[in-house]
Every structure is written in C-alpha cells, then in structure tokens.
Amino acid sequence: MGRVSARYGLETPAMTAWLVGQGRGMRSHNLVDDIAPEPELLRLWARACRVDPARLMRLSLTSRFSDRPPTWFLERPRVPVCLACFDADCSSGRDSYLRWDWKLADHVACPTHGEMLCDRCPACSSQLQVSFRFRGDLLRSFCRKCDTLLTGRGGERLRPADAGFVEGVLDLQRKAQGIVRGESDRRARLEQTIRALWAPLDRMDAARPVLALWFDQPGWNCPFEARGAVSTDAPLQHLPVRWRALTLVILGDLFGAELVFDAEMPETARSLFSRAAPLLPRRQRGPSAIGKGKPPIDGVLVRVQSLSKSPVHRLSGNFLDERADFSRIHP
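Along each chain, residue indices are assigned from 1 in the same order as the chain's sequence is written. Confidence filtering applies because this is a predicted model: local features only for residues at pLDDT of at least 70, side-chain atom pairs given and counted only at 80 or more, and all residues used for totals across whole chains, interfaces and linings. Where side-chain values are given, they derive from all heavy atoms of the structure, hydrogens and water being excluded.

Participant: Would you mind going over the overall build of the protein in detail, with residue names and values included?
Facilitator: By the criteria applied, helices consist of DSSP H or I runs no shorter than four residues and strands consist of E runs no shorter than two, each listed in order from the N terminus. Helix and strand content of the protein: twelve helices and four strands. Each residue's exposure class comes from its accessible area (1.4 Å probe, protein chains only) as a fraction of the maximum for that residue type: buried when under 20%, exposed when over 50%, partly exposed otherwise. The buried share among the 331 residues of the protein stands at 46%. Sequence-distant contacts in the protein: of pairs separated by 6 or more residues, those separated by 24 or more amount to 66%. Note on areas: Shrake-Rupley, 1.4 Å probe, and residue coverage restricted to the protein chains presented here. Approximately 17200 Å² of the protein is accessible, and the part contributed by carbon and sulfur atoms is 51%. In what follows, a contact means two residues having at least one pair of non-hydrogen atoms within 4.5 Å.

Participant: So what's going on with the packing of aromatic side chains? Residues and values would help.
Facilitator: Any pair of Phe, Tyr and Trp rings, taking the six-membered ring for Trp, is counted once the centres come within 6.5 Å. Such a pair is stacked with planes under 30 degrees apart, edge-to-face with planes over 60 apart, and tilted for the rest. By the definition in use, this model includes five aromatic pairs. Relative to Trp-243, the ring of Trp-198 lies with its centre 5.7 Å away and its plane at 80°, an arrangement referred to as edge-to-face. Of this pair, Trp-198 sits in the loop between helix H8 (184–197) and helix H9 (228–231) while Trp-243 is found in helix H10 (residues 241–255), placing the two residues 45 residues apart along the sequence. Of the two residues, Trp-198 and Trp-243, neither departs from the other in class, the shared state being buried. Clustering of aromatic rings is evident, with ring pairs tying together Phe-65, Phe-73 and Trp-100. Working rule: Lys NZ or Arg CZ, within 6 Å of ring centre, within 35 degrees of ring normal, means a charge sits over the ring. Seen from the ring of Phe-134, Arg-7 lies directly overhead, with NZ or CZ sitting 3.9 Å from the centre. Above the face of the Phe-142 ring, Arg-133 is positioned so that its terminal group lies 5.2 Å from the ring centre.

Participant: So, the pairing of strand S4 (residues 138–143): which residues are in play, and what are the values?
Facilitator: Across the six residues that make up S4, a large majority, five, are buried. Strands are labelled as partners when DSSP assigns at least two bridges between them. Sheet topology note: the strand S3 (residues 130–135)/S4 ladder contains six bridges and is antiparallel. Bridge pairing in S4 links Arg-135 to Leu-138. In sequence, S3 turns back onto S4 through a hairpin of two residues, with Gly-136 there showing a positive phi of about 65°.

Participant: Outline the nonpolar core, listing residues and values.
Facilitator: Here, nonpolar core refers to any group of buried Ala, Val, Leu, Ile, Met, Phe, Trp, Tyr and Cys residues whose side-chain atoms link them within 4.5 Å. Ranked by internal contacts, the top residues of the largest apolar core, which has 68 residues, are Trp-102, Val-169, Leu-190, Trp-198, Leu-251, Phe-255 and Phe-273. The element contributing the most residues to this core is H10, with ten residues. Judged by nonpolar contacts, the second largest core, of eleven residues, contains Leu-19, Trp-45, Ala-46 and Leu-56.

Participant: Go over the pattern of salt bridges with me, naming the residues and quoting the values.
Facilitator: Every case where a carboxyl oxygen of Asp or Glu lies within 4 Å of a side-chain nitrogen of Lys or Arg is listed as a salt bridge. This structure, assessed with the given rule, holds 15 salt bridges. Two residues, Arg-94 and Asp-89, come together in a salt bridge whose shortest N-O distance is 2.8 Å. Judged by relative accessible area, Arg-94 falls into the partly exposed class, the value being 35%. Of the charged contacts in the structure, one is a salt bridge between Asp-185 and Arg-189, with a shortest N-O distance of 3.9 Å.

Participant: Run through the environment of Pro-70, naming residues and quoting values.
Facilitator: Among the secondary structure elements, Pro-70 is positioned in the loop between helix H5 (61–64) and helix H6 (83–92). In this structure, the C-alpha to C-alpha distance between Pro-70 and Ala-36, residues 34 residues apart in sequence, is 8.5 Å. Each residue touching Pro-70, except ones within four places of it in the same chain, is listed here: Ile-35 and Gln-237.

Participant: Account for H6, with residues named and values stated.
Facilitator: For H6, the full list of buried residues reads Leu-83, Ala-84, Cys-85, Phe-86, Asp-87 and Asp-89. Packing partners of the buried residues in H6 comprise strand S1 (109–110), strand S2 (115–116) and S4. Trailing H6 by a residue or two, Gly-93 shows a phi angle of about 75°, which is positive.

Participant: How would you explain H10 if you had to name every residue and give the values?
Facilitator: For H10, which comprises 15 residues, the first-to-last C-alpha distance of 21 Å matches the rise-based estimate of 21 Å (1.5 Å per residue) to within 8%. Of all the 15 residues making up H10, twelve are buried; the element is thus mostly covered by neighbouring parts of the structure. Just beyond H10, the residue with positive phi is Gly-256, at close to 80°. Helices are assigned an expected span. That span is 1.5 Å times one less than the residue count.

Participant: Please set out the state of the cysteines residue by residue, giving values where relevant.
Facilitator: Note on disulfides: each one is a pair of cysteine sulfur atoms within 2.5 Å. Under the criterion given, the structure shown has zero disulfides. No disulfide involves Cys-124; its sulfur sits 3.6 Å from the nearest other cysteine sulfur, which is in Cys-121. Taking relative accessible area as the criterion, Cys-124 reaches 30% and is therefore assigned partly exposed.

Here it is, written out as structure tokens:
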C-alpha cells in the first residue's frame, strides 16, 4: 500500500480515500484495516495494485495469526518501528516496509537487531507516524511530521547495560507471545494482571498506577493512555512501547518465568494490588469477587473499573510526558 501510494505522490490514507471514491456506495472515511480488512475495500486495493484479492487477504493479521485474539494487535495508526530494520533495507537495496510483528501488542523489541522498537521520532520527538517516499527508485521511510529520514545510523550505540536489558526484554517477549497464542485461561489471567498493574493507586487524586510501587524512583511520568489499559479488554494496546516493555519486566519480577500466577498469588504481587484505589459509593452488583473460588485479582479489577474511566486532575503532574529513561526503572 505504501509503495503504490508513493508512486502517485500520496500518503496511504489519501490514496485509500481516492480509491473509495471509485467504489459505489462506500463510506469515504473507511481505511484498510491490517487486522481484519473490509472485503470491498480490499477489492479496490487489489484492483489498484493489480494483484489477487485473496493474496492481500492472506497478508491480514487475522489470517497470519488465527490463534491470536484481535485485541492483542495494535489498532492505532502509530506503529513502533525498528530503525535498524530500515537501515538493513537500505543496505540490501530493497524498499523499506513495515514488519508485521511491529503490530503485535506484546512485541516491544526487535529480535533480529536486539534493539527496542521506536515510537517517537528521533529528530522531533513527536509520536512517530511513518511516511514512505521514493528516493533513488527505492522506498524510504520518513517522519510524517518533520520529514526526517528514519535511520539508526549515526546514533549512540547501545551501552552494555542497555544491551543486557533488551536481551532480558526479548526473553520476556517470547514468553508473553507464547501465553497470548496459548490457552485462553492463561491469557485471561495475563490480561487481568496487566490491568491491575495499571490500576490507579488508592490516593484519589493520583494518576500514578499500582506498578509505581514496584520501583522507588521519583519524577517519572505516567502516560495518559494508562487508563485505557484498565478500562478496556486490550491492556497493552494504548501504552507506548517503553511502558509495554516495563510491564513485561514487572510481570517477570513478580511471577517469574511463567509471567502469570497459577494458584496462589505471590505475596509481593498481593501487596501491590492491595493498594489499588477503591470505588466511589455505587450500587451493589452482587456478591464480592473476593471469596471462595475467585482469584484475588478479580476483586481488584472490580474496584478500579469505574474509577479508571473518571477524569484525573491534570495538576497531579503525572501526565506531562510519555517519555521515560530506562536507566531509571531497573529494580
């Protein structure tokens, strides 16, 4: 899609809008969905690209990963990228392109180059949106906002401590991917645990989540999207890539190699989740989830679900920025 759009000097959304205008009775605001594309819109793209529609359908993420729930794909247009992969495309003399695994919510580091994915432009620091343009008959990636060529060349090399951190994250990433594509009950426990980690603390005006208690470092800022990790079924979709990596690190520290608890919750995790904010007075919905046969984490989620959707005072000082320095979050 990026290659065809660039040939006409357009961005992919503009090209899609033009194609929709050629179809009869289609809504103009529709865009191609990488997860589960709309068949009629896919047919228009197939005709524009001169390829079989079935071939394009096989490129969709639901076709590639039939055992992965749609909520574990990134739906937002800002897909994190590996700058080293773009450099490899350039060195190999091929068009740059977005990799399919960058759209996985549990994918935060590149296993090929051992680097963290990047969701902010290295030049203007804005949330990264990739624009593809032809340079010398090859497709190259640029920041859509500042027009900077996206490359990792000339940047600071990873320090040994950073390289070790990424290696540990890659191991946790592989384990998380096994859980997501495995048994549904283990995946549900993983989702519940992540939502509880991002639940707000018991101080009513605090934007800091429960996982703030995991490390003792003042001055860090909680991303605004953190509330989405609590109030939706997709706990990692709304978080920047570095906060998703931090979530995996904390899961490994609390629950070990399994990343989830099987029977009894570890005491460290129990003490963290007990600090989740209680709900404001509301109508009783039935017996408490904390009881016989109910995992203790369910009770935490019931108590914080409504609070996570309520507005948080901006003067709390926790929503100033999404960027974080990984050198300050090691346990």
